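Listed below are the residues making up each chain.
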Amino acid sequence: MTRETAAPPRQLGIWMCLALVVGNMIGSGIFLLPANLAPYGLNAIFGWVITIGGALCLATVFAALAKAMPEATGPYDYVASPLGKAPAFFVMWSYWISTWVTNAAISIAAVSYLSSLAPQAFASPAVPALAAIGFVILFTIVACTGARVAGSVQIVTSILKILPLIAAIVIAIMFIGQGDQPAEFAPTPLSPSGIAGAAALTLWAMLGFECATVPASRVRDPERTIPRATLIGTLAVGLIYLASSSAVFLLLPADVAAKSAAPFADLAGSFWGAGAATLVVFFAAISCLGALNGWVLLQGEIPLALARRGVFPAWFGKVNRRGMPVQAQIAGSLLSSALIAANYTKGLTELFAFMALLATVATLVLYFLAGVSAFRMMALGQLRRGGLFLITLVGTAYALWTFYGAGMEATLWGLALLATGIPVWLAMRVSSAAPNPAAEAAPGAPRE
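Notes on the structure follow. Keep in mind it's a predicted model, so treat the numbers as computed, not measured.

## A closer look at the overall build of the protein chain
- Helices and strands together make up the secondary structure of the protein chain, namely 17 helices and two strands.
- A sequence separation of at least 24 residues applies to 84% of the contacts in the protein chain between residues at least 6 apart.
- Of the roughly 17400 Å² of accessible surface on the protein chain, a fraction of 70% belongs to carbon and sulfur atoms.

## Some thoughts on the pattern of salt bridges
- Within the structure shown, the criterion is met by three salt bridges.
- For Arg 224, the salt bridge identified is with Asp 221, shortest N-O distance 3.1 Å.
- Given the relative accessible area of 38%, Asp 221 is considered partly exposed.

## A closer look at empty space enclosed by the protein
- Across all of its chains, the model carries six cavities of 30 Å³ or more by this definition.
- Taken as a whole, the largest cavity spans an internal volume of roughly 100 Å³.
- When its residues are assigned to classes, the lining of the largest cavity shows six nonpolar, six polar and no charged.
- Estimated volume of the second largest cavity: approximately 40 Å³.
- Together, Thr 73, Gly 74, Pro 75, Tyr 76, Met 92, Val 214, Glu 301, Ile 302 and Ala 305 line the second largest cavity.
- Every element with two or more residues in the lining of the second largest cavity is listed here: helix 4 (75-83) and helix 12 (274-308).
- With three residues, helix 12 is the single largest residue contributor to the lining of the second largest cavity.

## Here's the deal with helix 1 (residues 14-25)
- For helix 1, with twelve residues, the first-to-last C-alpha span of 16 Å sits near the 16 Å given by 1.5 Å per residue.
- Of the positions making up helix 1, those classed as buried are Met 16, Cys 17, Leu 18, Ala 19, Leu 20, Val 21, Val 22, Gly 23, Asn 24 and Met 25.
- Here the buried face of helix 1 lies against helix 7 (147-177), helix 8 (192-206), helix 9 (222-251) and helix 12.

## Quick look at the environment of Gly 84
- Within the secondary structure, Gly 84 is located in the loop between helix 4 and helix 5 (85-117).
- According to the relative accessible area criterion, Gly 84 is buried, its value standing at 19%.
- Taking C-alpha positions, Gly 84 is 9.8 Å from Ser 373, a pair spaced 289 residues apart along the chain.

## Examining the side chain of Thr 213
- Mapping Thr 213 onto the fold places it in the loop between helix 8 and helix 9.
- Overall, the relative accessible area of 0% leaves Thr 213 in the buried class.

## Digging into the packing of aromatic side chains
- Applying the stated criterion across every chain, the model contains 20 aromatic pairs.
- Between Phe 312 and Phe 316, the aromatic rings sit 4.7 Å apart at their centres with planes inclined by 45 degrees, giving tilted as the arrangement.
- Overall, the relative accessible area of 13% leaves Phe 316 in the buried class.
- Between Trp 315 and Phe 316, the aromatic rings sit 5.0 Å apart at their centres with planes inclined by 90 degrees, giving edge-to-face as the arrangement.
- Within the aromatic cluster, the residues linked to one another by ring pairs are Phe 89, Phe 90, Trp 93, Trp 96, Trp 100, Phe 312, Trp 315, Phe 316 and Trp 425.
- One Lys or Arg, Arg 385, reaches over the ring of Phe 389 and ends 4.5 Å from the middle of that ring.

## Overview of the side chain of Thr 363
- For Thr 363, the position within the fold is in helix 14 (residues 348-379).
- Looking at Thr 363, the relative accessible area reads 3%, which means it is buried.
- Those residues in contact with Thr 363, other than ones at most four positions away along the chain, are Tyr 95, Ser 98, Leu 207 and Glu 210.

Conventions we followed
- Residues numbered from 1 in each chain as written.
- Predicted model: local features only at pLDDT ≥ 70, side-chain atom pairs only at ≥ 80, totals over all residues.
- Heavy atoms only, no water.
- Helix = DSSP H or I, 4+ residues; strand = E, 2+ residues; numbered from the N terminus.
- Contact = heavy atoms within 4.5 Å.
- Areas by Shrake-Rupley, 256 points an atom, 1.4 Å probe, with all protein chains shown as cover.
- Salt bridge = Lys/Arg side-chain N within 4 Å of Asp/Glu carboxyl O.
- Buried < 20%, exposed > 50% of the residue type's maximum accessible area, 1.4 Å probe, protein only.
- 1 Å grid on protein atoms, 1.4 Å probe; cavity = no way out; pocket = protein on both sides within 12 Å on 5 of 7 lines; lining within 4 Å.
- Points joined across faces, edges and corners; volume = space filled by probe spheres on them.
- Nonpolar A, V, L, I, M, F, W, Y, C, P; charged D, E, K, R; others polar.
- Expected span 1.5 Å × (residues − 1).
- Phe/Tyr/Trp six-rings, centres within 6.5 Å; stacked < 30°, edge-to-face > 60°.
- Lys NZ or Arg CZ within 6 Å of the ring centre and 35° of its normal.

In structure tokens form, the structure reads like this:
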């Protein structure tokens with residue numbers, strides 16, 4: 001049973017928000033990236049540094065916006081207040097698409113890891129697709145039971161998923177402490193194009209640092225909690241990524257790492273045996289499922305916030321007695337499931353790559369507009385300039401650079417995703433004269 005939405009209860013504290021950032025960032029990408037980055041040699045390390053630096057700059061922008069607008073419902077208000085409703089709607093439309101596309105990609109990655117443990121059970125192409133859809137449905141049910149339940153699941157899975165990455169770092173420390181000779185990096189010379197290529201690959205693994213801002217209306221003390229969770233989570237994940245990837249590069253020969261389907265599992269197996277390798281694969285699957293839990297929670301929050309602001313159908317603004325947008329959740333999960341089902345004949349790797357590209361491009365739109373919004377607010381005197389101006393400049397330039405690095409295909413997908421929102425925007429403009437019971441003029445709402 002649903003009811004019209006009021007302000008949802010503020011159930012998310014610092015630990016749940018931090019788990020949302022860490023858990024959504026650490027998903028499937030990091031466990032596969034060392035294999036993709038191995039041919040880049042030392043360029044991979046520089047690529048990581050640039051990506052982490054760019055993500056930290058953008059995270060600082062989101063933190064500043066959250067602090068300046070503590071009553072905002074999330075990124076929609078961050079863009080709408082300085083730039084207007086239309087840009088805010090389209091950027092959040094694109095971001096909403098990215099959430100349910102991400103859910104499809106992560107569920108497929110989880111099935112891919114699990115299939116390596118029982119390949120015969122997943123031999124038929126239909127089985128992985130059905131399993132992926134089943135995971136989407138499972139975590140949709142979890143999200144609908146309440147933000148506190150989903151947040152608790154996020155905390156547990158976030159702790160578990162860090163363990164194999166920490167194990168790789170521990171192995172490297174032990175190895176170096178014994179004075180053994182590290183493996184050689186791939187003999188690829190350092191070059192701007194090599195660094196750019198490596199940085200483009202690492203972006204998928206860093207997506208999600210903005211996640212604490214999305215359910216802002218559910219966060220306790222958002223003015224302090226969201227900035228702290230965003231910055232601490234981004235920095236922690238970035239350091240773990242850099243250290244754990246470097247461990248793989250130091251301990252696995254470049255040609256071995258490049259051919260590995262599970263580089264962290266191979267690293268653990270080479271030092272601690274086959275049992276350790278199997279355990280790492282299992283934890284990688286948990287990592288994917290933990291990220292799926294967090295992203296499913298967000299897929300309902302975005303249309304809920306848009307409905308509260310009157311730019312999305314009121315149907316999406318209805319919540320159950322636990323304050324959760326069940327109808328919005330069902331819509332997002334149906335779209336994820338349909339995307340999986342429509343493409344299930346593709347191989348898991350090919351399907352994952354396609355969906356990761358879609359999600360990355362859609363998210364970059366939000367990153368760029370957040371930077372533009374910060375500049376606008378600084379010009380209006382609503383944000384202090386100081387060092388934030390330079391940080392925003394670097395973060396916005398990084399977002400543009402990564403958009404360029406994604407290539408023409410990614411740019412066209414980004415434009416296509418934005419264009420699909422035009423009919424919805426026009427329909428809402430036509431019906432704007434009618435009262436929207438879900439629309440809420442809360443403090444921090446965008447100015448006309």
